[in-house]
Amino acid sequence: MTDQVSSACRRRRCAALIAAGVLLPLPVLAGCSGEDSDAAVASQDIAPASRERLKDGGTIRWAVDTMPGTLNAFQADADATTARITGAVLPTLFTLDDRGRPQRNADYLDAADITAREPKQVVTYKINPKARWSDGRKIGAQDFIAQWKALRGKDNAFWTARNAGYDRIAKVTQGKHKHEVKVTFGRPYADWRSLFTPLYPQSVMGDADAFNDGTRERLGVAAGPFMVGEWEKDSDRVTLVRNPKWWGARAKLDRIVFTELPRDKRAAALAAGSVDVAEIDQGAAKKVASAGHPAGSAPKAGTDAKPAAPATLRGYTVRKALEPAYTQLALNGSTGPLTDERVRRAVARAIDRQALADTVLKPLSLPAKPLGSHLLLAGQDGYADHSDAIGGQDTAAAKALLADAGWKPGGATEQARRKPGAAAPSASGAAVEASPKSGSSDGRNPERPGRAAADARSDARAPGARPAAAEAPLSAAGAVGSEVQQSALLRQSAAFFKAEAAARQEADGGATEASRRYQRRAARALGDAERVETGQDAATGAAHPPSAEQAREARADEERAHPVAAAQVAADEDPEAKGAPQRQARPVTAPALGKNGKPLTLRFVLPDGAGSEQLRTVGEHISAMLGKIGIQTSVQRVADASYFQDHIAAGDYDLALYSWPGTAYPATDARPIYAKPEPAADGSLAVEQNYTRVGTDHIDQLFDQATSELDEEEAGNLMAQADARIWAAAGSIPLYQRPELVATRKSLANIGAFGFASPRFQDIGYTK
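Student: What's the story with the overall build of the protein in this structure? I'm lost.
Tutor: On a plain count of helices and strands, the protein comes out with 22 helices and 26 strands. Taken over 768 residues, the protein has a buried fraction of 54%. At a minimum sequence separation of 6, the contacts of the protein that also span at least 24 residues come to 74%. Carbon together with sulfur atoms contributes 50% to the accessible area of the protein, which is approximately 31,600 Å² in total.

Student: Sorry, what's going on with the environment of Ala 157 here?
Tutor: Residue placement: Ala 157 occurs in the loop between helix H3 (141–151) and strand S7 (169–174). On the basis of relative accessible area, Ala 157 is assigned to the partly exposed category, the value being 37%. Between the alpha carbons of Ala 157 and Asp 207 there is a distance of 9.2 Å; along the sequence they are 50 residues apart. Once residues within four sequence positions are removed from consideration, Ala 157 is found in contact with Ala 208 and Asn 212.

Student: Sorry, what's going on with the pairing of strand S21 (residues 655–661) here?
Tutor: Among the seven residues in S21, seven count as buried, and that is most of the element. Side chains of S21 alternate between two faces, with Leu 655, Leu 657, Ser 659 and Pro 661 and Ala 656, Tyr 658 and Trp 660 buried alike. Bridge analysis of strand S13 (residues 316–331) against S21 gives seven bridges, and the strand direction is antiparallel. When the sheet's bridge partners are listed, Leu 329 is paired in S21 with Leu 657. Bridge count for strand S19 (residues 601–607) against S21 is two bridges, and the pairing is parallel. Paired with Phe 604 across the bridge in S21 is Leu 655.

Student: I keep staring at the packing of helix H9 (residues 353–361) against helix H17 (residues 613–627) and nothing clicks. Help me out?
Tutor: Here H9 crosses H17 at 155°, and the two axes come no closer than 11 Å. With respect to H17, the element H9 is oriented roughly antiparallel. Once H9 is placed against H17, the crossing between them reads as right-handed. For the pair formed by H9 and H17, the contact residues are Ala 355, Leu 356, Thr 359 and Val 360 on the first element and Gln 614, Thr 617, Val 618, His 621, Ile 622 and Met 625 on the second. By residue class, the composition of the contact of H9 with H17 is six nonpolar, four polar and no charged.

Student: I keep staring at the confidence of the model for the protein and nothing clicks. Help me out?
Tutor: Fine structural detail should not be taken from predicted coordinates in areas where pLDDT scores are low. Here the protein shows a mean pLDDT of 80. Residues at 70 or above account for 74%. In this model, residues 5–41 is a region of pLDDT below 50 whose contacts with residues beyond four sequence positions or in other chains number 123 contacts. Predicted confidence is poor over residues 536–549, with pLDDT under 50, and the contacts of this stretch with residues over four places away or in other chains come to 13 contacts.

Student: Looking at this model, I keep getting lost on the nonpolar core. Mind explaining?
Tutor: What tends to happen in soluble globular proteins is that the nonpolar side chains get buried as a cluster. Within the largest apolar cluster, 104 residues are counted, with the highest numbers of intra-cluster contacts made by Trp 62, Val 89, Tyr 125, Phe 196 and Leu 240. Residue contributions to this core peak at six residues, all from H3. Every residue in contact with Leu 240, bar those within four places of it in the chain, is listed here: Ile 85, Ala 88, Val 89, Phe 226, Met 227, Val 228, Gly 229, Asp 254, Arg 255, Ile 256 and Phe 258. Core analysis: the next-biggest nonpolar cluster, separate from the first, contains 61 residues, Tyr 316, Phe 604, Val 618 and Leu 741 among them.

Student: Is there a simple way to think about helix H7 (residues 282–290) in this case?
Tutor: The α-helix advances 3.6 residues per turn, and as a result positions three or four apart in sequence lie on the same side. Of the residues making up H7, those classed as buried are Gln 282, Ala 284, Ala 285 and Val 288. Seen from one end, H7 has its buried residues packed into an arc of 155°, which puts them on one side. Where H7 is buried, its residues touch helix H6 (266–272), S13, H9, H17 and strand S24 (732–745). With a side-chain oxygen lying 3.1 Å from the backbone nitrogen of Gly 283, the N-terminal cap of H7 falls on Asp 281.

Student: What should I look at first to understand the pairing of S24 in this one?
Tutor: Put simply, side chains in a regular strand alternate between the two faces of the sheet. With respect to burial, S24 is a largely interior element, 14 of its 14 residues being buried. Bridging between strand S12 (residues 277–279) and S24 involves three bridges; their strand directions are antiparallel. Bridge assignment links Ala 278 to a residue of S24, and that residue is Ala 743. Here S13 pairs with S24 via twelve bridges, running antiparallel. What sits directly across from Gln 328, in S24, is Pro 734.

Student: Honestly, the pattern of salt bridges in this entry has me stumped. Any pointers?
Tutor: If charged atoms from side chains of opposite charge come close, those side chains can pair. A complete count under the given rule lists 25 salt bridges for this structure. Two residues, Arg 745 and Asp 276, come together in a salt bridge whose shortest N-O distance is 2.9 Å. Placement of the pair is Arg 745 in strand S24 and Asp 276 in the loop between H6 and S12, with a sequence separation of 469 residues. With a shortest N-O distance of 2.7 Å, Arg 637 and Asp 608 are connected by a salt bridge. Of this pair, Arg 637 sits in strand S20 (residues 632–638) while Asp 608 is found in the loop between S19 and H17, placing the two residues 29 residues apart along the sequence. The network of salt bridges with common partners includes Arg 51, Asp 107, Arg 760 and Asp 763.

Student: What should I look at first to understand the packing of aromatic side chains in this one?
Tutor: We describe a pair of aromatic rings using the distance from one ring centre to the other and the angle between the two ring planes. Under the definition given, this model contains 20 aromatic pairs. The interplanar angle of 40° and the centroid separation of 4.5 Å between the aromatic rings of Trp 246 and Trp 247 together place this pair among those described as tilted. The same class applies to Trp 246 and to Trp 247, which are both buried. Here the aromatic residues Phe 74, Phe 94, Tyr 125, Phe 144, Tyr 166, Trp 192, Phe 196 and Tyr 200 are joined through ring pairs into a cluster of three or more. A cation over a ring is seen here: Arg 152 above Trp 148, with NZ or CZ 4.7 Å from the ring centre.

Student: Explain the environment of Lys 408 to me, please; I cannot follow it from the model alone.
Tutor: Mapped onto the fold, Lys 408 is located in strand S14 (residues 408–409). In this structure the C-alpha to C-alpha distance between Lys 408 and Lys 595, which are 187 residues apart in sequence, comes to 6.5 Å. Discounting residues that sit within four places of it in the chain, Lys 408 has contacts with Ala 403, Ala 592, Leu 593 and Gly 594. Polar side-chain contacts of Lys 408 include one of 3.3 Å to the backbone oxygen of Ala 403.

Student: Which parts of the structure should I look at to understand the sheet that holds strand S6 (residues 122–127)?
Tutor: Picture the strands of a sheet paired through backbone hydrogen bonds; they go either parallel or antiparallel. Reading across from one edge, S5-S6-S8-S7 is the order of the four strands in this open sheet, with antiparallel pairing throughout. On the outer flanks of this sheet lie strand S5 (109–116) and S7, each paired with one strand and no other. Taking the axes of each pair of neighbouring strands and ignoring which way they run, one obtains an average angle of 15° across the sheet. Strands in contact with H3 are S6, S7 and strand S8 (180–185); relative to S7, the strand with the most contacts, it is inclined by about 160°.

Student: Help me understand unusual backbone geometry in this model?
Tutor: Among all residues except glycine, the phi angle is most often negative; among peptide bonds, the trans geometry is most common. In this structure, the amide linkage connecting Glu 118 to the following residue, Pro 119, adopts the cis form with an omega of -5°. With respect to the element layout, Pro 119 can be found in the loop between S5 and S6. One non-glycine residue, Ser 365, lies in the positive phi region at around 55°. Here Ser 365 is to be found in the loop between H9 and helix H10 (395–404). Positive phi, normally seen in glycine, also occurs at Arg 693, with a value near 60°. Relative to the helices and strands, Arg 693 resides in the loop between strand S23 (685–686) and helix H21 (697–708). Since its relative accessible area comes to 7%, Arg 693 is described here as buried.

Student: Got a minute to help me understand the sheet that holds strand S18 (residues 598–599) in this structure?
Tutor: Strand order across the open sheet formed by three strands is S14-S17-S18, with antiparallel pairing between neighbours. Every other strand in the sheet has two partners, leaving S14 and S18 as the edge strands with one partner each. Here strand S17 (residues 593–595) pairs with S18 via two bridges, running antiparallel. In the strand pairing of S18, Lys 595 is matched with Lys 598.

About the criteria used
- Throughout, residues of each chain are indexed from 1 in the direction in which the sequence is written.
- Predicted model: local features are reported for residues with pLDDT of at least 70 only, side-chain atom pairs are reported and counted for 80 or more only, and whole-chain, interface and lining totals are derived from all residues.
- Calculated side-chain values reflect all of the structure's heavy atoms, with hydrogen atoms and water omitted.
- Under the scheme used here, helices are H or I runs from DSSP no shorter than 4 residues and strands are E runs no shorter than 2 residues, and both carry numbers assigned from the N terminus.
- Exposure is judged per residue with a 1.4 Å probe applied to protein chains only, and the accessible area is read against the type maximum: over 50% gives exposed, under 20% gives buried, and values in between give partly exposed.
- Every residue pair with non-hydrogen atoms within 4.5 Å of one another is taken to be in contact.
- Using the Shrake-Rupley algorithm and a 1.4 Å probe, accessible areas are obtained, with residue cover drawn only from the displayed protein chains.
- By this definition, two strands are paired if DSSP reports at least two bridges between them.
- In this analysis, axes come from line fits to C-alpha atoms, helices being fitted only over the stretch in contact, and the angle between any two N-to-C directions falls in the range 0 to 180 degrees.
- In these notes the angle categories are as follows: under 35 degrees is roughly parallel, over 145 is roughly antiparallel, 65 to 115 is roughly perpendicular, and the rest is oblique.
- For any pair of crossing helices, the crossing counts as left-handed if the nearer helix is rotated counterclockwise from the farther one by less than a right angle, and right-handed if it is rotated clockwise.
- Basically, the charged four are Asp, Glu, Lys and Arg, the nonpolar ten are Ala, Val, Leu, Ile, Met, Phe, Trp, Tyr, Cys and Pro, and anything else, Gly included, counts as polar.
- A score from 0 to 100, pLDDT tells how confident the predictor is in each residue.
- In this text, buried Ala, Val, Leu, Ile, Met, Phe, Trp, Tyr and Cys residues form a nonpolar core when linked through side-chain atoms within 4.5 Å.
- The directions from the helix axis to the C-beta atoms form the arc being described.
- Polar contact is the term for a pair of N or O atoms within 3.5 Å; when the atoms are in protein, one must be able to donate a hydrogen and the other to accept it, and sequence-neighboring residues count only if both atoms are side-chain atoms.
- Salt bridges, as used here, are contacts in which a Lys or Arg side-chain nitrogen is within 4 Å of a carboxyl oxygen on Asp or Glu.
- Each Phe, Tyr or Trp ring (for Trp, its six-membered ring) is paired with any other whose centre lies within 6.5 Å, and the angle between the two planes then decides the class: stacked below 30 degrees, edge-to-face above 60, tilted in between.
- In this scheme, the term charge over a ring applies when either NZ of a lysine or CZ of an arginine sits within 6 Å of the ring centre and within 35 degrees of the ring normal.

Shown next as structure tokens:
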């Protein structure tokens, strides 16, 4: 049975964010240190300032990943840039605060409430009498009616990507006067505040051609503090200008220019001063944070002189917060060993989520707590940790679950030696198969070319067949355990040395003796690993142990470059270190498990791009954790451009890491992510956005009840029950909330790391 992914995955929520950013020790960013400041910046960091402190006028150049696929937020190819633009130019009836709570927007609504519950739910909107479109027409019932009819899903002439909530409406009418709108629901809808945002004019929603094509490249009418000015479809920028018909507080800026800028080019753009606001990775954040250090001071003895950071960078600061999105470990429950819930639960019990959160968030001085919910983020009303439904990290419990599922040490025997081109072991002892690079991406937007190739592979498989796995890992190919571990450690050292060489070279503006020294160490470690893997060392005796000095250098280098990894996978103990505590020489691994002659090996698919280094680091830690309970992982690295569509959405993986955005409306937005896959009429499996293919009827029932429950407390209780059930099913293991790092001009206020909060575009500006 092949999988059928609904068109909903190609809309805004399918910005299933693939975590980006390198894992490097980062200095405490200016103005942020200690636990108190961590708490202060956790939800939002935007340099708040009153309007009186801001200048009138000016332009900001705001980096975005791509130009918008469309300006219609309800079409399939709407993206994050679409949302940014429509948030500035169209009515948002309910904004979100920094805790993700819907707030009535007084610029558009004087009131909005449930005015009847029986026999039907009725919501009455009282529109601000000043609210009008830029063509002079008042915002009114005709706009609400047109949007409802276009999005309710009954007219196929409108190419809509979603109709959640609108399909529950029975009728929309004008109220007692022209500024009042009454919406009557045929079925109760708890998330009614999510509707009619953004609100489009009747001229767009009342005509299928205007809806489908007319708004793709232009919005002739606006009703926000800004309106779309210049944009040519093939250009790399969209300019918003002040809306002269805006009735609210006048925008402080003259214009906002959204500029397409790949993430790997943003550090250079900041250094050149060609952009004013840009979300960045940790490497770029480090450069900005260190730019204020005095230049020209003499280097310490024994160190290489480093060029001063460009003076331009001193005009920027880094705003940081926890992004309203979380990274999860996804377990594909449709094929292989993970169809057994006991194996999925064993994987979950083997993972030390706190250690993974520390790896990603502690270097940024952000609160490093593992996420305890699939449906709400920390700080949201109703958030609670329901991970106890599956239990915390417990190696013994994980091993017991695997034993109960029939996976035993010695249950599989593999004789074949590794063939040329087979997967090479990763740092944890897992196999690593690198895929040819077919493109690059920012690591966040899964909508990239490559769908046809995935469909071809899917069609080639027999219905229900397991996707082809990567080559068997070295540990399953006849090598003894000590060789596997020795080779893995050597390759890990090589990776650390190579990463440090690249970091030194980038920081120093070119090759230096320090970077060349690390390159030599990397080459030496790789050569030693290859000799172990090919048996050359066995023939000549054994691999030569490092000298005491080499051991000290390796240990220090690894701890500087990867403090968590170095702590978990320690180098050999220095024989000359007197009185030092004993260190473990290798990762602790349990005997490999098998059943019916087959090894317990899971294919771990990870993106291969430079922007996905952090994900790969987290993946290595997870592989090491699974090794402790006898699960081997075969790591397959694939091009970023094809990672999501060709592997995650297509179900071509066992384990994977990707992220989902948080939401103020989990009953609506999270349901397709956790809905039980159902067979479609054509024999395929309709998974909606549930790419783990794990779900239950009970979870679906709880979502359905919560969607219709108008008592907010009771709806929250239903969502809590659903979350506990999702944890127990063990298809998705939330790990941590992602960091959000935004570089801005120091003179800019009310902009930066917004967190959950909706930007208030009219209040963004330069301080006096």
